[in-house]
Amino acid sequence: MPGFARGSMFPGTLTAPPRAAGGSVEFSLYVHIPFCAARCPYCDFTITIVRERPEAAYVDALLAELRSRWAEGPWAVGTLRSVYLGGGTPSILAPELIAKILDEARGLGGGAFQPAEITLEANPEGLSASALSEWREAGVNRLSLGAQSFDARHLEFLGRGHRAEDIRAAVALARGAGFENVSLDLIFGMPGQDLASLQTDLGEAVALGPQHVSAYNLTLEPGTRLHRDWKQGKLEPPEEGLQAEMFEAIENRLARAGLARYEISNFACPGFESSHNRHYWRRGSSLGIGTGAHSFLASARGGRRWWNVRDHRRYIARALADEPVEEGAEDLTDDDARREWVFLRLRGVEGFAVEEFRRAFKHDVDEVFPGVIAALIADGLVGDDPERVALTRRGRLLSNEAFMRFF
Ligand SMILES: C[S@@+](CC[C@H](N)C(=O)[O-])C[C@H]1O[C@@H](n2cnc3c(N)ncnc32)[C@H](O)[C@@H]1O
Ligand code: SF4
């Protein structure tokens, strides 16, 4: 889910950044749609809840930002790999506004606008056949549906506005509209959830025949209501042993349905791994537009990252006045680049070859991070293959602990 309008997730760049055949930058485009009907109690994304949503003005602001980024950056001569319309709730926007955004990008990109993957994040409630058809016609070819759970108790706990029937209806409508690539987001590890209820969720999910599933362990993000409830002792997440069993149950159940784990939280049928996310995990360049969106421009050493203002009113006012919408920027050091390279590679099940690290950074991984890999192997977080560094099952479960060792 690289939803790039979340504080903790940054798109990045390779030390040797991905380049298109002609030497121009290969990049992905992230478009943030911040509007939501209500804030879910676990969510810390950049969102906007207002009675009168200024949708048209926001989209005009997005187009203004896109044009000015095009005029100033290397994007105009780059190769666009993928587009991701994330949120917030992109499905809340009038479908013609989605088409307007993609038409503008198409116009700016000219012949170079041929992204293989255009994803739209949708909430299951209230999806209509006509909206789905309009998205398809606009060029959207991948639907990421926020199912989260099929269990009414868990959906209520998560503050969701949909029921299991809405998820089933949404997938059926999406298939009817011609979507051949449907991904389901699931959340697990709710208080009180046991293995049997997780298995029911997984069974319901695979029965819908998704090409891709993202299964996220519920994170209690500071600033959210669930985090406050937890601090006040009002809720208790499942204990670690049960979470480990859930992690394994997910991998096994989805594998039986033909969806292989390819990243800590992501599973896909062969050929349906998200190209947008893969580019992010390989630290490819990314242009993010909209409130709170993060961008990254790769360079041979380090690279530059910047992020936008989070308030939609300020964003709209600045973009429409042709003023900068950036709130901050940072230049990466070589050290930052190496650390990010390692922990993003480790997110993938294949990890990285030690030779690949040597080629990218001209040093052995053990020289740059003395003793770290040996300690991770000793703790069972990384496998003991001398040629390849990859997380074990235990390492994937405790991935944050493994990543922190590189800091
Ligand atoms: C950008 S978010 C939400 C997109 C859409 N509005 C929705 O709610 O379905 C993408 C995904 O992140 C996951 N997510 C968000 N916050 C989370 C949290 N605190 N813990 C675990 N997963 C989370 C959810 O599965 C969600 O579908
Ligand atoms: S609908 Fe999605 S983006 Fe909006 S608050 Fe809920 S989880 Fe966050």
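The model shown is predicted, which means the values in this text are computed figures rather than measured ones. (Residues numbered from 1 in each chain as written. Chains lettered and ligands numbered in written order. Predicted model: local features only at pLDDT ≥ 70, side-chain atom pairs only at ≥ 80, totals over all residues.)

Details of the overall build of the protein chain
Here is step 1 of the chain: Within the protein chain, the regular secondary structure consists of 16 helices and 14 strands.
Here is step 2 of the chain: The C-alpha radius of gyration computed for the protein chain amounts to 21 Å, which stays within 12% of the reference 22 Å derived for 407 residues, consistent with globular compactness.
Here is step 3 of the chain: Taking the principal axes of its C-alpha atoms as reference, the protein chain extends roughly 55 × 50 × 40 Å.
Here is step 4 of the chain: Across the 407 residues that make up the protein chain, the buried fraction comes to 45%.
Here is step 5 of the chain: Across the protein chain, the fraction of contacts at a sequence separation of at least 24, relative to all contacts at a separation of at least 6, is 72%. (Helix = DSSP H or I, 4+ residues; strand = E, 2+ residues; numbered from the N terminus. Rg over C-alpha atoms; globule rule 2.2 N^0.38 Å. Buried ≥ 20, exposed ≤ 12 C-beta atoms within 10 Å, placed from the backbone. Contact = placed C-beta atoms within 7 Å.)

Some words on the domain arrangement of the protein chain
Here is step 1 of the chain: Segmenting the protein chain into domains produces domain 1 (26-281) and domain 2 (334-404).
Here is step 2 of the chain: Placing a centre on the C-alpha atoms of domain 1 and another on those of domain 2 gives a separation of 28 Å.
Here is step 3 of the chain: On the side of domain 2, 8 residues touch domain 1, which itself brings 8 residues to the contact.
Here is step 4 of the chain: Sorting the residues of the side of domain 1 that touches domain 2 by element identifies helix 8 (240-256) and strand 7 (260-263) as the ones contributing at least two each.
Here is step 5 of the chain: Among the residues making up the side of domain 1 that touches domain 2, the classes are represented as 5 nonpolar, no polar and 3 charged. (Domains from an automatic or database assignment. Nonpolar A, V, L, I, M, F, W, Y, C, P; charged D, E, K, R; others polar.)

Some points on the packing of helix 1 (residues 55-72) against helix 2 (residues 95-109)
When two helices pack together, you describe them by how their axes are tilted relative to each other and by the distance separating the axes.
Here is step 1 of the chain: It is the contact of helix 1 with helix 2, at a shortest axis distance of 10 Å, that shows an interaxial angle of 15 degrees. In terms of orientation, helix 1 lies roughly parallel with respect to helix 2. The hand of the helix 1/helix 2 crossing is right-handed. Between helix 1 and helix 2, the residues in contact are Glu55, Ala56, Val59, Leu62, Leu63, Leu66, Arg67 and Trp70 and Leu97, Lys100, Ile101, Glu104, Ala105 and Leu108, respectively.
Here is step 2 of the chain: Tallied by class, residues from the contact of helix 1 with helix 2 come to 10 nonpolar, no polar and 4 charged. (Axes fitted to C-alpha atoms, helices over the stretch in contact; angles between N-to-C directions. Parallel < 35°, antiparallel > 145°, perpendicular 65-115°, else oblique. Left-handed = near helix turned anticlockwise from the far one by under 90°.)

Structural notes on the pairing of strand 9 (residues 285-289)
Here is step 1 of the chain: Most of strand 9 is tucked away, with 5 of its 5 residues classed as buried.
Here is step 2 of the chain: Residues of strand 9 alternate between two faces, with Ser285, Leu287 and Ile289 on one and Ser286 and Gly288 on the opposite face, all of them buried.
Here is step 3 of the chain: Note that strand 1 (residues 26-33) and strand 9 share 5 bridges and pair parallel. Pairing of tyrosine 30 across the sheet is with glycine 288, part of strand 9. (Pairing = 2+ DSSP bridges.)

Re the nonpolar core
Here is step 1 of the chain: Ranked by size, the top nonpolar core spans 84 residues in total, and within it Val31, Leu62 and Leu145 carry the most contacts.
Here is step 2 of the chain: Tallying contributions element by element places helix 1 first for this core, with 7 residues.
Here is step 3 of the chain: Residues within four places of leucine 62 in sequence aside, it is in contact with Val31, Ile101, Ile289 and Gly290.
Here is step 4 of the chain: Counting 18 residues, the second largest nonpolar core, distinct from the first, contains Leu344, Val365, Leu376 and Leu391. (Core = buried A, V, L, I, M, F, W, Y, C linked by C-beta atoms within 7 Å.)

Remarks on helix 10 (residues 312-320)
Spacing of three or four residues puts side chains on the same side of an α-helix, whose turn is 3.6 residues.
Here is step 1 of the chain: When helix 10 is considered as a whole, its buried residues turn out to be His312, Tyr315, Ile316 and Ala319. One side of helix 10 holds all its buried residues, which, seen down the axis, span an arc of 95 degrees. (Arc of directions from axis to C-beta.)

Some remarks on unusual backbone geometry
Here is step 1 of the chain: Here glycine 87 and glycine 88 are connected by a cis peptide whose omega angle stands at 10 degrees.
Here is step 2 of the chain: Structurally, glycine 88 can be placed in the loop between strand 2 (79-87) and helix 2.
Here is step 3 of the chain: A positive phi is found at glutamine 148, a non-glycine position, where the angle reads about 70 degrees.
Here is step 4 of the chain: Checked against the element boundaries, glutamine 148 lands in strand 4 (residues 142-148).

A word on the confidence of the model for the protein chain
Here is step 1 of the chain: A residue-level look at the protein chain finds 94% of positions with pLDDT of 70 or above and a mean pLDDT of 91.
Here is step 2 of the chain: Within the model, the stretch residues 1-18 combines pLDDT values under 50 with 66 contacts to residues more than four positions away or in other chains. (pLDDT = per-residue confidence, 0-100.)

Things to note about the packing of helix 1 against helix 10
Here is step 1 of the chain: It is at 8 Å that the axes of helix 1 and helix 10 come closest, and there the two elements cross at 50 degrees. Our classification of the angle between helix 1 and helix 10 gives oblique. You can see that helix 1 and helix 10 cross each other, and the crossing is left-handed. Each of Ala57, Tyr58, Asp60, Ala61, Ala64 and Glu65 in helix 1 lies in contact with helix 10, whose residues at this interface are His312, Tyr315, Ile316, Ala319 and Leu320.
Here is step 2 of the chain: Tallied by class, the residues present in the contact of helix 1 with helix 10 amount to 8 nonpolar, 1 polar and 2 charged.

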